[in-house]
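# Overview (structure and organization)
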Amino acid sequence: MLVLGMMSGTSADGIDVVLARISGAPPNLNAKLLGHSSVKFPGALQKEILRVAEQHPVSAGALSQLNFRLGELLADAAIAACRHFRIARSKVALAGSHGQTIFHQGRPVPCFGLPTASTLQIGEPSVIAARTGITTVGDFRPADMAVGGQGAPLVPYVDYLLYRDEKLGRVSLNLGGIANITVLPHAAKPQQVFAFDTGPANMLIDALVSHFTDGRQRYDKNAALATRGRSLPALLDDLFGDPYLKLAPPKSTGREYYGHAYLKNLMALGRRHRAKPNDLIRAATIFTALSVVDALNRFVLPKTKIHQLIVSGGGAHNPLLLAQLSAALPGIEVLPSSHLGIPEDAKEAFAFALLAYETFHQRPSNLPSATGARGPAILGKISYAPRR
Ligand SMILES: Nc1ncnc2c1ncn2[C@@H]1O[C@H](COP(=O)(O)OP(=O)(O)O)[C@@H](O)[C@H]1O
Ligand SMILES: [Mg+2]
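The sections below set out a description of the structure shown in this document. Keep in mind it's a predicted model, so treat the numbers as computed, not measured.

The subject of this paragraph is the overall build of the chain. Looking only at helices and strands, the chain has 14 helices and 13 strands in total. Here the C-alpha radius of gyration of the chain, 20 Å, is about what a compact globule of 388 residues would show, namely 21 Å. With the C-alpha coordinates aligned to their principal axes, the bounding extent of the chain is approximately 65 × 50 × 50 Å. Residues classed as buried in the chain amount to 54% of the 388 residues present. Within the chain, contacts between residues at least 6 apart in sequence are counted, and of these 71% link residues at least 24 apart. For the chain, the accessible area works out to roughly 16,700 Å², and carbon and sulfur atoms hold 55% of it.

This is the structure:
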């Protein structure tokens, strides 16, 4: 089966699209990546998504409009990708679209007298299905939450299929807006896999760069700015006071925590330590890398031997992040996911192609050990393509 996978993560930088050929069923599922492409969000739309995701006021009407408008954009991305892959859309059987997360409350909090957890991804799948002519699975997270899970992370199921090894203990690390890891002990059974968000990935770096360049730059390409900054160890020490780091997994985080308010504190901290813009960008980069290392040292390495750290996501292109990880993890081989066949920028979209395939075949694809769910759940909702 030919399947498209589409992802737009918390960075809201754009849409990654992959085409995969998938056959069989776990544990003998075969998935081959055939191509990947990406489109950037138009600047004004990105700004609005970030504004909404930061929980600034938005009317129900505006949100409804944005949901459909993003559906159009995702459909455009899918159509452009098929053209790029030189594949007729009629040959593509299925698409999986994660959508754009604008709110995620993984742990229940009171709501009209009942502890309630919820999540909202927008980018209307019915629009994608109608425009592309490809049946589309969307809204993956709610089914896991409906059975008590945090609705995240979902990629561990795919990490298990792709990276579990008889002899090697592995950690799969994705550096998107947020950093998340999947721990795959050698010869792991599904119940032994665990996963959680370690903290920020590119989110703080991007926010600082946007701020200091007045929006002219959206990220620190190849760590050019951070590399010019000075190291300020005392500032880093303060950053490590972050209570999220000490919170025991399972845990997930997002823009709700590492968003605007966090940035304001970071800027205040920078002023207190007399940090120049590049110093602060450097500190955020090093903090990001070392918060991953801290999570490994605190929650993973005492329990299981790890041989390899497989890194994906846009942050895998940041040389300072990677160098810091390698230096702080002696005895662990740090390698970009492309070394194992999946380009860094294609990994998450590839995962949603696989998850859509599982849903289409009515198989559950949450890992309760990763999400905290009471049991398995078939993820997502299917929007059928109009008859051809
Ligand atoms: N060459 C690069 N150098 C430094 N950072 C990069 C580079 N390429 C991408 N990034 C970072 O990766 C981010 C996008 O990562 P991505 O995996 O798409 O995250 P998300 O899943 O949250 O959308 C960008 O916002 C940027 O911070
Ligand atoms: Mg992205």
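Having seen it, we continue.
What follows concerns the site of ligand 1. In the vicinity of ligand 1 lie 18 residues, with Ser-11, Gly-177, Asp-206, Asn-222 and Gly-314 positioned nearest. Asp-206 places a polar side-chain atom, nitrogen or oxygen, 2.6 Å from an oxygen atom of ligand 1. In isolation ligand 1 exposes 570 Å². Once the protein is present, 89% of that is buried. Split into classes, the residues belonging to the shell around ligand 1 amount to two nonpolar, 12 polar and four charged.

Before going further, it helps to examine the pairing of strand β1 (residues 2-7). Counted residue by residue, β1 has six buried out of six residues, so it is predominantly covered. Going residue by residue along β1, you find Leu-2, Leu-4 and Met-6 tucked away on one face and Val-3, Gly-5 and Met-7 tucked away on the opposite face as well. Here β1 pairs with strand β2 (residues 14-23) via six bridges, running antiparallel. Looking across to β2, one finds that Met-6 is bridged to Val-17.

Turning our attention to the sheet that holds strand β11 (residues 308-312). The pairing of strands in a sheet happens through backbone hydrogen bonds and is either parallel or antiparallel. Taken together, five strands build an open sheet; the order of strands is β10-β9-β8-β11-β12 and the sheet is mixed. Two strands lie at the open edges of the sheet, namely β10 (194-200) and β12 (333-336), each paired on one side alone. The sheet shows a mean angle of 20° between the axes of neighbouring strands, direction not considered. Taken together, the six bridges between strand β8 (residues 170-175) and strand β9 (residues 178-184) define a ladder with antiparallel strand orientation. Across the sheet, the residue bridging to Asn-174 is Asn-180, located in β9. Along the sheet face, helix α5 (residues 156-163) touches β8, β9, β10 and β11 and points at about 50° away from the line of β9.

Let us now look at the layout of surface pockets. Within this model, the second largest pocket holds a volume of roughly 230 Å³. In this structure, the second largest pocket is lined by Pro-26, Pro-27, Leu-29, Ala-31, Tyr-157, Tyr-160, Leu-161, Leu-162, Arg-164, Pro-190, Leu-354 and Leu-367. If you tally residues by element for the lining of the second largest pocket, the top one is α5, at four residues.

Our focus in this paragraph is the packing of helix α2 (residues 60-85) against helix α3 (residues 125-132). At a minimum axis separation of 8 Å, α2 and α3 run at an interaxial angle of 40°. By the criterion of interaxial angle, the relationship of α2 to α3 is oblique. For the crossing formed where α2 meets α3, the hand is right-handed. Where α2 approaches α3, its residues Phe-68, Gly-71, Glu-72, Leu-74, Ala-75, Asp-76, Ala-78 and Ile-79 are matched on the opposing element by Val-127, Ile-128, Arg-131 and Thr-132. Of the residues belonging to the contact of α2 with α3, the class tally is seven nonpolar, two polar and three charged.

Looking now at the pairing of strand β6 (residues 114-122). As judged from the eight bridges shared by strand β5 (residues 100-111) and β6, these two strands associate in the antiparallel manner. Looking at the pairing, Phe-103 lines up with Leu-120 of β6. The antiparallel hairpin formed by β5 and β6 contains two residues in its connecting segment, where Phe-112 sits at a positive phi of about 45°.

Rules behind the numbers
- Residues numbered from 1 in each chain as written.
- Chains lettered and ligands numbered in written order.
- Predicted model: local features only at pLDDT ≥ 70, side-chain atom pairs only at ≥ 80, totals over all residues.
- Heavy atoms only, no water.
- Helix = DSSP H or I, 4+ residues; strand = E, 2+ residues; numbered from the N terminus.
- Rg over C-alpha atoms; globule rule 2.2 N^0.38 Å.
- Buried < 20%, exposed > 50% of the residue type's maximum accessible area, 1.4 Å probe, protein only.
- Contact = heavy atoms within 4.5 Å.
- Areas by Shrake-Rupley, 256 points an atom, 1.4 Å probe, with all protein chains shown as cover.
- Near = heavy atom within 4 Å.
- Polar contact = N/O pair within 3.5 Å; in protein donor to acceptor, adjacent residues only side chain to side chain.
- Nonpolar A, V, L, I, M, F, W, Y, C, P; charged D, E, K, R; others polar.
- Pairing = 2+ DSSP bridges.
- Axes fitted to C-alpha atoms, helices over the stretch in contact; angles between N-to-C directions.
- 1 Å grid on protein atoms, 1.4 Å probe; cavity = no way out; pocket = protein on both sides within 12 Å on 5 of 7 lines; lining within 4 Å.
- Points joined across faces, edges and corners; volume = space filled by probe spheres on them.
- Parallel < 35°, antiparallel > 145°, perpendicular 65-115°, else oblique.
- Left-handed = near helix turned anticlockwise from the far one by under 90°.

Purely geometric stuff here, so don't read any function into it on its own.
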